[in-house]
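Per-entry structural report
Here are the chains, one letter per residue:
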2 protein chains.
Amino acid sequence: MPSVSVCFSPILFPLFKNDDAVVVVVDVLRATSAIVTGFDHGVNVMVAVAGIEETLSYKDKGYLVAGERNGEMQEGFDFGNSPFSYKPEVVKGRNVAISTTNGTQAVVAAKDSHKLFIGAFLNISALCKRILNENRDVIVLCAGWKNKFNLEDTLFAGALAEKLAGNGYLLNCDSALAAIELWKNAKPDVNAFLATSSHRNRLKHLDLEADIKYCLTLDLCKSVPELEAGVLVWKD
Amino acid sequence: MPSVSVCFSPILFPLFKNDDAVVVVVDVLRATSAIVTGFDHGVNVMVAVAGIEETLSYKDKGYLVAGERNGEMQEGFDFGNSPFSYKPEVVKGRNVAISTTNGTQAVVAAKDSHKLFIGAFLNISALCKRILNENRDVIVLCAGWKNKFNLEDTLFAGALAEKLAGNGYLLNCDSALAAIELWKNAKPDVNAFLATSSHRNRLKHLDLEADIKYCLTLDLCKSVPELEAGVLVWKD
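Numbering of residues begins from 1 in every chain and follows the order in which that chain's sequence is written. The naming scheme follows written order: chains are lettered A onward, ligands numbered 1 onward. This being a predicted model, a pLDDT of at least 70 is required before a residue's local features are given, and a value of 80 or more before pairs of side-chain atoms are given or counted; all residues contribute to the totals for chains, interfaces and linings. With hydrogens and water set aside, each side-chain value is computed from the structure's full complement of heavy atoms.

1. Some remarks on the overall build of chain A
Broken down by element type, chain A carries 10 helices and 11 strands. Principal-axis analysis of the C-alpha atoms places the extent of chain A at approximately 45 × 40 × 30 Å. Across the 236 residues that make up chain A, the buried fraction comes to 58%. Looking at chain A alone, contacts between residues at least 24 apart form 75% of all its contacts between residues at least 6 apart. Within the structure as shown, chain A displays about 8,900 Å² of accessible surface, and the carbon and sulfur contribution to it stands at 48%. Residues scored as positive are Lys and Arg, those scored as negative are Asp and Glu, and His as well as the terminal groups of each chain are ignored. Charge positions are represented by NZ for Lys, CZ for Arg, CG for Asp and CD for Glu. A distance of 2 Å separates the average location of the 24 positive side-chain charges in chain A from that of its 28 negative side-chain charges. Secondary structure elements are defined from DSSP: runs of H or I of at least 4 residues count as helices, runs of E of at least 2 residues count as strands, and each element is numbered from the N terminus. Accessible area is worked out with a 1.4 Å probe on protein chains only. A residue is then buried under 20% of its type maximum, exposed over 50%, and partly exposed in between. We call two residues contacting when some pair of their heavy atoms lies within 4.5 Å. The Shrake-Rupley method, run with a 1.4 Å probe sphere, supplies the accessible areas, and residue values consider only the shown protein chains as cover.

2. A word on the interface of chain B and chain A
Counting residues at the interface gives 25 residues for chain B, matched by 25 residues for chain A. Contact between chain B and chain A buries roughly 2,100 Å² in total, counting both sides, with carbon and sulfur atoms accounting for 69%. Between Lys or Arg on one side and Asp or Glu on the other, a salt bridge is scored when a side-chain nitrogen of the former is within 4 Å of a carboxyl oxygen of the latter. Where chain B packs against chain A, one counts 0 salt bridges. Any N or O atom pair separated by 3.5 Å or less is treated as a polar contact, with the protein-specific requirement of one donor-capable and one acceptor-capable atom, and with residues adjacent in sequence counted only for side-chain atom pairs. Between the two partners, chain B and chain A, sit 5 residue pairs in polar contact (both at pLDDT 80 or more). Those elements that provide at least two residues to the side of chain B that touches chain A are helix H6 (151–166) and helix H7 (174–186) of chain B. Ranked by residues supplied to the side of chain B that touches chain A, first place goes to H7(B) with 7 residues. Polar here means any residue outside two lists: the nonpolar Ala, Val, Leu, Ile, Met, Phe, Trp, Tyr, Cys and Pro, and the charged Asp, Glu, Lys and Arg; Gly therefore counts as polar. Across the side of chain B that touches chain A, the residue classes break down as 11 nonpolar, 9 polar and 5 charged. Simply put, the buried area is the total loss of 1.4 Å probe accessible area from both parts when two parts are fitted together.

3. Looking at H7(B)
All names here are of chain B. Under the convention used throughout, the expected extent of a helix is 1.5 Å for every residue step, that is, one less than its residue count. Between its first and last C-alpha, H7 extends 18 Å over 13 residues, near the 18 Å set by a 1.5 Å rise per residue. Burial within H7 is extensive, with 10 of its 13 residues counted as buried. All buried positions along H7 are accounted for by Asp174, Ser175, Ala176, Leu177, Ala178, Ala179, Ile180, Leu182, Trp183 and Ala186.

4. Here's the deal with the relation of the copies chain B and chain A
We superpose the copies by least squares over the C-alpha atoms of residues that have a pLDDT of at least 70 in both of them. Here chain B sits on chain A after a turn of 180° about the axis and a move of 0.0 Å along it, with an RMSD of 0.0 Å. Such a combination of rotation and displacement between the chain copies is what one expects of a two-fold axis. Among all C-alpha atoms of chain B, that of B:Leu182 lies closest to the rotation axis, at 3.5 Å. When the interface residues of chain B are mapped onto chain A, 100% of them again fall at the interface, so both copies present the same face.

5. Considering the packing of aromatic side chains
For Phe, Tyr and Trp, where Trp contributes only its six-membered ring, two rings pair if their centres lie within 6.5 Å, and the inter-plane angle classes them as stacked under 30 degrees, edge-to-face over 60, or tilted in between. Enumeration according to the criterion identifies 15 aromatic pairs over all chains in this entry. An angle of 50° between the planes, with centres 5.1 Å apart, marks the rings of B:Phe84 and B:Tyr214 as tilted. Taken together, the residues span a long stretch of sequence, with B:Phe84 in the loop between strand E5 (72–73) and helix H3 (88–91) and B:Tyr214 in helix H10 (residues 209–215) at a distance of 130 residues. Assessed through its relative accessible area of 38%, B:Phe84 is described here as partly exposed. Among the aromatic residues, those joined into a ring-pair cluster are A:Phe8, A:Phe149, B:Phe8 and B:Phe149.

6. Regarding the packing of helix H7 (residues 174–186) of chain A against H7(B)
For helices, the fitted line uses only the C-alpha atoms of the stretch in contact; every axis is such a line through C-alpha atoms, and the angle between N-to-C directions lies from 0 to 180 degrees. At a closest axis distance of 10 Å, the pairing of H7(A) and H7(B) adopts a crossing angle of 80°. Here H7(A) lies roughly perpendicular to H7(B), going by the angle between them. Here A:Ala178, A:Glu181, A:Leu182 and A:Asn185 of H7(A) come into contact with H7(B), specifically with B:Ala178, B:Glu181, B:Leu182 and B:Asn185. Each angle receives one of four descriptions, namely roughly parallel if under 35 degrees, roughly antiparallel if over 145, roughly perpendicular if within 65 to 115, and oblique otherwise.

7. Brief notes about the pairing of strand E2 (residues 22–26) of chain A
All names here are of chain A. Burial analysis of E2 places 5 of its 5 residues in the buried class, the great majority of the element. Strands were regarded as paired on the criterion that DSSP finds at least two bridges between them. One ladder, built from 5 bridges, connects E2 with strand E7 (residues 115–119); its direction is parallel. By the bridge assignment for E7, Val26 is matched with Gly119.

8. Digging into the packing of helix H5 (residues 124–134) of chain B against H6(B)
Residue and element names in this part refer to chain B. Orientation of H5 relative to H6, taken along the N-to-C sense of each, is 45°, at an axis distance of 10 Å. Between H5 and H6, the angle falls in the class oblique. Once H5 is placed against H6, the crossing between them reads as right-handed. Contact with H5, carried on its side by Ile124, Ser125, Leu127, Cys128, Ile131 and Leu132, involves Phe156, Ala159, Leu160, Lys163 and Leu164 of H6 and no other residues of that element. The class makeup of the residues in the contact of H5 with H6 is 9 nonpolar, 1 polar and 1 charged. What makes a crossing left-handed is the near helix being turned counterclockwise from the far one by less than a right angle; a clockwise turn instead makes it right-handed.

9. Regarding the environment of A:Asn150
With respect to the element layout, A:Asn150 can be found in the loop between strand E8 (138–142) and helix H6 (151–166). Along the primary structure A:Asn150 and A:Ser33 are separated by 117 residues, whereas in three dimensions their C-alpha atoms are 16 Å apart. If near-sequence neighbours (up to four positions away) are discounted, A:Asn150 is found in contact with A:Gly144, A:Trp145 and B:Asp174.

10. What about the pairing of strand E7 (residues 115–119) of chain B?
One face of the sheet, then the other: side chains in a regular strand alternate in exactly this way. Across the 5 residues that make up E7(B), a large majority, 5, are buried. Because side chains alternate across E7(B), one face comprises the buried residues B:Lys115, B:Phe117 and B:Gly119, and the other comprises B:Leu116 and B:Ile118, equally buried.

11. Some remarks on the environment of B:Cys215
Following the sequence through the fold, B:Cys215 ends up in helix H10. When sequence neighbours within four positions are dropped, the list of residues in contact with B:Cys215 reads B:Val28, B:Leu29, B:Arg30, B:Ser33, B:Pro83 and B:Phe121.

Quick look at the structure:
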């Protein structure tokens, strides 16, 4: 059977080297939640870009440009990192370049994987179904916060690993076991569980409670964005 | 109040840079458990050495040399990584050079810290008392397994962080919150909680159940080894 591993930081990702694996990149608050929402609302393609300047250069190519640093929108961008910015009337049929503090950096770190999917609580069931079709080892790459461990991405990793383990996937690494254990504690009330987490409190100062609540909701979306020839697409 | 942070891998340690902090290095299975046992049994000083060859060179200086790679003793060494090798009749009054897969690498990574203590379940209460006397920020550096997250070091970190939080220390990072959460789940029966963990299973193949049981026992030891001028000492 294939296995599922969980990587808590992009810095640790080289330790999980597995050229045949499917990599799921997650940045629950809020990059991958925004990307999934974008595709559900009709985005055509997205590019995940590491640098601010490079992102802005996509404006000349007709892209919408989205991004934040430390939770706040940057000058010259069309919108920041809130999933609520990705309204159907704004994004339908458009291409979007996105750069965020953590999430897009993780996409860039894993860009050479056999297959790279974008994961969030919003699309977890659709994602799980898509992964099961692949029948390969899975690495859940948590974007974390500036390469540090974070709780919300770990909970997502635990939720996904639990689903995959229920389908017979092996749990070979302690981080997968820990993520599942934490998810079991959290799932009766994820919002309450995260009440003392660091990034939630970081966002609280930015008055983003509605964003947080939305990003912690399961299965509102059905898109499973994947990386193909350097751009994110949803192959429905 | 001072804070307590938990670092899950020596690779992530530079992200926690804090020149004023006390660093606690832990490698429950088995390096730091062995070191603590050694001092309780009368070791004079210990040096933690990264390389095998460098460790062997200490023989010429009259040191006992101890070490393992992947859980197994290396040729030319006096003993491996089992705490049971550190018998009083063998180690009393002796100097020991030690090199292990993970634990001593973590000591080397944190050697420039303001203060570095050796932690294990075996000395957790004595260690906590010693830390409280310092009244500084604390970073628990988990040795992990070849730089990957591991459960047993994380549980120790959670146990220590819980004690320190009970004394008013702040929990600033998600990894400390996660470690405490995991410890709460584990503490009714740590041995059972770790039954599926990766390193435990690695050691099981080496028939080390007695070592594991010993290393998971709280407060059998009273030594709190610390790094001073490059060598580990116990200042009783």
